[in-house]
Amino acid sequence: MYRSTDADGEEVPVTGIVVTPNGAAPSGGRTVIAWAHPTTGADPSCAPSLARDPFELLEGSHSLLTKGFTIVATDYAGMGLDTPSAYLIGGTEGRNVLDSVRAAQQLPASQAGNTVVLWGHSQGGQAALFAEQLHEEYAPELDIRGVAVAAPAADLATLLDDDLDDISGVSIGSYAFTAYADFYGEDISTILTPAAEKAVPAMTGICLTDPRLHQLGTPLIGDFVRSDPSTTAPWDDYLARNTPDPGGGGLPLFVAPGLADELVDPASTAQFVAAACATGRSVTSRTLPGVNHGFVAELAIPELTAWLDDLGRTGPPESTGCPAG
């Protein structure tokens, strides 16, 4: 457990785990991979650190530990502890990621040094991108070398617009709209239908893999929102302010979309990559043919570790995967 802050700067306790290889660390400590996990739910019980196998969602951990990295994995505020949900609230998640590194550095056995790479999948991609764009102001002492994301939630309006007509969109929408209503003090009935408003409190208490979530959410498909949240005030503003800036903090960026992703449209990720490339930052995009949303982070690990090697040896890798011109 460690201390962090939310997007408004209010203190909040957060939990997570730290994993480090056996053996002596290099001089100066080990490079830290700050892992930001994908959606597991929004209830405190859905925290990865409380799972039967807390390492299951540390995607790529075997390869990263073999290469000598220490991994720190936040649960995010509202998970693991009974505090308000931070689901898709980028400013809170990003601070939670950065403070997890600071917390790991206070544990001598972690062997955590001050060199950091941010790595996140889906919801965690959004969290990692926010951590990058916040770090110069919030945690300037951390030597963050780059940020890597797999199928990131990089455009929330498009993500919800694409998915609200299926169970995935209803599920993540239940988590997100509840978190936004609580955090911003908004009346959730201004965006949800009466049927959805009635069902959502139960849905937010159920983790993503629980079959009861589908039982509650399936009848709401097509009858979940009153209007398009991407064009309905103030929800459009909440989505916009929690969508990461493609320019971020200007650090080297690795992006891995799966071309068979059924949740985060690879075309949307390609647009994010193009926008990031246009800022002039170093961008490495590695598309994974035939790979869906659930497996994209794990199957991106060979490409990610090659990028990490380049990052460690030569500094910012030359941009690859950017649109021509």
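Look up a bit, the structure's there.
Residues numbered from 1 in each chain as written. Predicted model: local features only at pLDDT ≥ 70, side-chain atom pairs only at ≥ 80, totals over all residues. Heavy atoms only, no water.

> When you look at the packing of aromatic side chains in this model, what are you seeing that I'm missing?
Within a pair of aromatic rings, the relevant descriptors are the distance that separates the centres and the angle that separates the planes. One pass over the full model with this rule turns up 10 aromatic pairs. Centroid distance Phe 183 to Tyr 184: 5.1 Å. Interplanar angle 85°. Geometry classified as edge-to-face. The exposure class of Phe 183 is partly exposed, given its relative accessible area of 22%. A ring pair is formed by Tyr 184 and Tyr 238, whose centres lie 4.3 Å apart and whose planes are at 5°; its orientation type is stacked. On the criterion of sequence distance, the pair formed by Tyr 184 in helix H5 (residues 167–184) and Tyr 238 in helix H8 (residues 235–241) is long-range, its members being 54 residues apart. Exposure remark for Tyr 238: the relative accessible area of 6% places this residue in the buried category. What links up through ring pairs into an aromatic cluster is the set Phe 177, Tyr 180, Phe 183, Tyr 184, Phe 224, Trp 235 and Tyr 238. Its end group placed over the ring of Tyr 138, Arg 95 keeps NZ or CZ at 5.4 Å from the ring centre. Directly above the ring of Tyr 138 sits Arg 102, whose terminal nitrogen or CZ lies 5.1 Å from the centroid. (Phe/Tyr/Trp six-rings, centres within 6.5 Å; stacked < 30°, edge-to-face > 60°. Buried < 20%, exposed > 50% of the residue type's maximum accessible area, 1.4 Å probe, protein only. Helix = DSSP H or I, 4+ residues; strand = E, 2+ residues; numbered from the N terminus. Lys NZ or Arg CZ within 6 Å of the ring centre and 35° of its normal.)

> Explain the sheet that holds strand E9 (residues 283–285) to me, please; I cannot follow it from the model alone.
By definition, the strands of a sheet pair up through backbone hydrogen bonds, in either a parallel or an antiparallel sense. Pairing in this open sheet of seven strands is mixed, and the strands run E3-E5-E4-E6-E7-E8-E9 from one edge to the other. Edge positions in the open sheet fall to strand E3 (16–19) and E9, since each of these has one partner strand only. In this sheet, neighbouring strand axes are inclined to one another by 20° on average, regardless of whether the strands run parallel or antiparallel. Here seven bridges tie strand E6 (residues 112–121) to strand E7 (residues 143–150), and the two strands are oriented parallel to one another. Along E7, the bridge assignment pairs Leu 118 with Val 147. Strands in contact with helix H11 (residues 301–314) are strand E4 (30–36), E6, E7, strand E8 (253–256) and E9; relative to E7, the strand with the most contacts, it is inclined by about 160°. (Pairing = 2+ DSSP bridges. Axes fitted to C-alpha atoms, helices over the stretch in contact; angles between N-to-C directions. Contact = heavy atoms within 4.5 Å.)

> Any chance you could explain the state of the cysteines here in plain terms?
In a disulfide, the sulfur atoms of two cysteines are covalently bonded to one another. Scanning the model with the defined rule gives two disulfides in all. Each disulfide pairs two cysteine sulfurs, and for Cys 46 the partner residue is Cys 207, the sulfurs being separated by 2.1 Å. Measuring handedness by torsion sign, the sulfur bridge of Cys 46 and Cys 207 sits at about -100° and is left-handed. Of the two residues, Cys 46 is situated in the loop between E4 and helix H1 (61–66) and Cys 207 in the loop between helix H6 (194–203) and helix H7 (211–217); the sequence distance between them amounts to 161 residues. Cys 46 sits in the buried class, given a relative accessible area of 5%. A sulfur-sulfur separation of 1.9 Å characterises the disulfide bridge that pairs Cys 277 with Cys 322. Here the disulfide of Cys 277 and Cys 322 is left-handed, its torsion about the S-S bond being about -80°. Of this pair, Cys 277 sits in helix H9 (residues 266–278) while Cys 322 is found in the segment after H11, placing the two residues 45 residues apart along the sequence. We classify Cys 277 as buried; its relative accessible area is 16%. Overall, Cys 322 belongs to the partly exposed group, its relative accessible area being 28%. (Disulfide = S-S within 2.5 Å.)

> Help me understand the nonpolar core, please; the structure alone is not making it clear to me.
A general tendency of soluble globular proteins is for nonpolar side chains to be buried together. Grouped together as the largest cluster of nonpolar side chains are 59 residues, with contacts concentrated most on Trp 119 and Phe 224. With eight residues, H5 is the single largest residue contributor to this core. Those residues in contact with Phe 224, other than ones at most four positions away along the chain, are Leu 164, Val 170, Gly 173, Ser 174, Phe 177, Ile 191, Leu 192, Thr 193, Ala 196 and Val 200. (Core = buried A, V, L, I, M, F, W, Y, C linked by side-chain atoms within 4.5 Å.)

> I keep staring at the pairing of E6 and nothing clicks. Help me out?
The side chains of a regular strand alternate between both faces of the sheet. Burial within E6 is extensive, with eight of its 10 residues counted as buried. With six bridges joining them, E4 and E6 adopt parallel strand pairing. Opposite Val 32, over in E6, you have Val 116 as the bridge partner. Taken together, E6, helix H3 (residues 123–138) and E7 form a β-α-β motif whose crossover is right-handed. (Right-handed = clockwise from strand over helix to strand, strands pointing away.)

> It is not clear to me how H6 should be interpreted in this structure. Could you clarify?
Residues of H6 that are buried include every one of Ala 196, Ala 199, Val 200 and Met 203, and no others. On an axial view of H6, the arc spanned by its buried residues comes to 115°, and they lie on one face. Seen from the open side of H6, the exposed residues pointing more than 90 degrees away from its buried face are Pro 194, Lys 198 and Pro 201. Residues of H6 that are buried make contact with H5 and H7. (Arc of directions from axis to C-beta.)

> Can you help me understand the packing of helix H4 (residues 156–163) against H5 in this one?
The axes of two packed helices give the description: the angle between them and the distance between them. Close contact between H4 and H5 brings their axes to 8 Å; oriented N to C, the two are set at 135°. Judged by the inter-axis angle, H4 sits oblique to H5. Crossing handedness for the pair H4 and H5: left-handed. Contacts between H4 and H5 involve Leu 156, Leu 159, Leu 160 and Asp 163 from the former and Ser 168, Gly 169, Val 170, Ile 172, Gly 173, Phe 177 and Tyr 180 from the latter. Of the residues contributing to the contact of H4 with H5, the split by class is seven nonpolar, three polar and one charged. (Parallel < 35°, antiparallel > 145°, perpendicular 65-115°, else oblique. Left-handed = near helix turned anticlockwise from the far one by under 90°. Nonpolar A, V, L, I, M, F, W, Y, C, P; charged D, E, K, R; others polar.)

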